[in-house]
Amino acid sequence: MAKVIMVQGTMSGAGKSLVVAGLCRIFKQDGYRVAPFKSQNMALNSFITEDGLEMGRAQVMQAEAAGVKPKVCMNPILLKPTSDRGSQVIVNGQVLDNMEAKDYFRYKTKLIPEIKKAFAELSKETDIIVIEGAGSPAEINLKQNDIVNMGMAAMVDAPVLLVGDIDRGGVFAQLLGTLMLLEAEEKSRVGGLIINKFRGDKTILDPGIVMLEEKGNIPVVGVLPYMQLTIDDEDSLTSRYDRKASGLINIGVVKTPRLSNVSDFTCFEQMEDVTVHYLTRPSDVPKMDLIILGGSKNTIGDLLFLRQSGMETAIKKYAKTGPVFGICGGYQMLGESISDPEHMEEGGTVTGMGLLPMKTVMQKEKYNAQVTGIIPELTGELAALGHRHIKGYEIHMGKSIGIGGELPLVLQEGKVYGSYVHGIFDEIAVSVVELLAKKKGLVVQSEGMLSYEAFKEKQYDLLADGIRSSMDMDAIYAMLREATIE
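Quick summary incoming for the structure in this document. (Residues numbered from 1 in each chain as written. Predicted model: local features only at pLDDT ≥ 70, side-chain atom pairs only at ≥ 80, totals over all residues. Heavy atoms only, no water.)

1. Quick word on the overall build of the chain
Within the chain one finds 16 helices and 25 strands. A compact globule built from 486 residues should have a C-alpha radius of gyration of about 23 Å, and the chain, at 23 Å, falls within 12% of that. Expressed as lengths along the three principal axes of its C-alpha atoms, the size of the chain is roughly 70 × 50 × 40 Å. Intrachain contacts of the chain at a sequence separation of at least 6 include 75% that bridge at least 24 residues. (Helix = DSSP H or I, 4+ residues; strand = E, 2+ residues; numbered from the N terminus. Rg over C-alpha atoms; globule rule 2.2 N^0.38 Å. Contact = heavy atoms within 4.5 Å.)

Take a look at the structure:
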């Protein structure tokens, strides 16, 4: 079996995902075969593997940091919220069912054999597995039958690192309070504490660390700096949505209640001259140079939200001067209609925005596939994107039919464009920004700009450098032990 270590947090957003990614990159740099693992992930940001299976995007990011291809055994259970009380349950990359939270809570222990099987499969091809927990192990209402925090640690006998977020304040209470709420056997697994997102002079923190170690009886193995990185992970979503000052080029992503796959826009966020805004107010729409409607886990519900909030009217008005681009669920919203005869979402038929000549019918079977292809000939300000090569993946419940023929990889009507391909901008983002700048009579500095793939590699190395310089890696290596599956 591979050696194992687990990263848990005092709360969601403490930085577990990035710590796991950083450790994966460090172990890779040190010559080990390493992979991430998360037994259960709740996220609307997902990915399709080469074999057409769906997994959480955070584990894809961590696999990139580890230098390995993402496999669904790295994330055997994915929960995709469809409402405030229920989620689509995906097991081993395929849809199991839609469940209310209370029903899944009773059902989840039946998935333990699948978790163990996935971990064992991953262990066969790795030297080290870095496991990520979810939320906090001290959520006492969820501790019964836990399969993702201390329950997961017990399944494979993993030592645990506990991460607290000092940027939110109260980090000593976070860490000590979590330790106090753990059972004795659970606390015995915690081999080290990590204070994350520290700014300033560490010597000021030293008296607190001494007291923390005395009261918790567990060493602090790292005080990680607040690192300004552009890396996709679930915990980054809250800051991503903060309002931002205008940039040279402003791209507006319409923020719907069930917006998914926001990683589609990270390629723009790494550009110095570009600001990505997540829009909720109709008055902000006219200020943008490009409007994007992204994916959705409830396309009909999100369309009705746009209609009721006034955003649809603002988008349709903007589309006269454009450009507007829809991806997946956003693409479906731009069409003539969306029908849901199987009640996969809201049921019935709703009128779309009427900006693209296509209709969509929701189906029971989800379509998952990686995609490579050539953008067809386009007109208008994005005409130069025609005939460009793209790659990405499709993941959708609906099937769309063109009014007047087969749907191309990118469908255009006037200044409105749409595609099912997630990741469509990754290889053409620089060109998109150059075209938007040209429309404004501006020039952006794109010379020497890294490809998105090269940019991500640089970010993972910077993350590893930050962690390696501020964490006791000798202590981390000493904590590693061979996994044993119960």
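From this point, the narrative continues.
2. Considering the side chain of Gln88
Inspection of the secondary structure puts Gln88 in strand S7 (residues 86-91). For Gln88, the side chain forms a polar contact with the side chain of Lys366, separated by 2.6 Å. Discounting chain neighbours no more than four positions away, the residues touching Gln88 are Leu78, Leu79, Lys80, Thr82, Val95, Asp97, Asn98, Lys297, Lys366 and Met397. (Polar contact = N/O pair within 3.5 Å; in protein donor to acceptor, adjacent residues only side chain to side chain.)

3. Thoughts on the sheet that holds strand S22 (residues 389-402)
Read from one edge to the other, the open sheet built from four strands follows the order S20-S19-S21-S22, with strand pairing classed as mixed. One side of each edge strand has no neighbouring strand; the edge strands of this open sheet are strand S20 (348-351) and S22. The sheet shows a mean angle of 30° between the axes of neighbouring strands, direction not considered. Here strand S21 (residues 358-374) pairs with S22 via 13 bridges, running antiparallel. When the bridges of S22 are listed, Ile374 appears paired with His389. Against the sheet, helix H11 (residues 299-309) contacts strand S19 (337-340), S20 and S21, and its axis sits at roughly 40° relative to S20. (Pairing = 2+ DSSP bridges. Axes fitted to C-alpha atoms, helices over the stretch in contact; angles between N-to-C directions.)

4. Here's the deal with helix H6 (residues 171-181)
For H6, every residue scored as buried is listed here: Val171, Gln174, Leu175, Leu176, Thr178 and Leu179. The inward-facing, buried residues of H6 abut strand S10 (160-165), helix H7 (184-189), strand S11 (190-198) and helix H8 (206-216). (Buried < 20%, exposed > 50% of the residue type's maximum accessible area, 1.4 Å probe, protein only.)

5. Concerning helix H2 (residues 57-66)
Most of H2 sits inside the fold, with nine of its 10 residues counted as buried. Inspection of H2 places Arg57, Ala58, Gln59, Val60, Met61, Gln62, Ala63, Ala65 and Ala66 among the buried residues, and these make up the whole buried set. Two residues or fewer past H2, Gly67 is found with a positive phi of approximately 75°.

6. Side note on the sheet that holds strand S13 (residues 249-254)
Taking strand neighbours across the sheet as the criterion, the six strands line up as S15-S13-S16-S18-S24-S23 in an open arrangement whose pairing is mixed. Across the chains shown, the open sheet's two edge strands, defined by having one partner strand only, are strand S15 (274-279) and strand S23 (411-413). Strand after strand, the sheet turns through a mean of 20° between neighbouring axes, direction not considered. Pairing geometry for S13 and strand S16 (residues 290-293), over three bridges, is parallel.

7. Examining the pairing of strand S18 (residues 324-327)
Look at any regular strand and the pattern is simple: side chains alternate between the two faces of the sheet. Of the two faces of S18, the one carrying Val324 and Gly326 and the one carrying Phe325 and Ile327 are both buried. Relative to strand S24 (residues 416-419), S18 runs parallel, the two being bridged by four bridges. Bridging from a neighbouring strand, Gly326 pairs with Gly418 of S24.

8. What about the packing of aromatic side chains?
A full pass over the atoms with the stated rule returns nine aromatic pairs. Between Phe37 and Phe119, the ring centres sit 5.3 Å apart and the planes meet at 90°, which makes this aromatic pair edge-to-face. Note that Phe37 is positioned in strand S2 (residues 34-37) and Phe119 in helix H4 (residues 112-123), a separation of 82 residues in sequence. Relative accessible area serves as the criterion here: at 0%, Phe37 is assigned to the buried category. Centroid distance Tyr331 to Tyr420: 5.1 Å. Interplanar angle 80°. Geometry classified as edge-to-face. Here Tyr331 is found in helix H13 (residues 329-333), whereas its partner Tyr420 is found in the loop between S24 and helix H14 (429-439), with 89 residues between them in sequence. For the pair Tyr331 and Tyr420, a shared accessibility class is recorded, and that class is buried. Among the aromatic residues, those joined into a ring-pair cluster are Phe268, Phe325, Tyr417 and Phe425. Sitting over the ring of Tyr226, Arg199 keeps its end group 3.7 Å from the ring centre. (Phe/Tyr/Trp six-rings, centres within 6.5 Å; stacked < 30°, edge-to-face > 60°. Lys NZ or Arg CZ within 6 Å of the ring centre and 35° of its normal.)

Remember that the coordinates give geometry; whether it matters functionally is a separate question.
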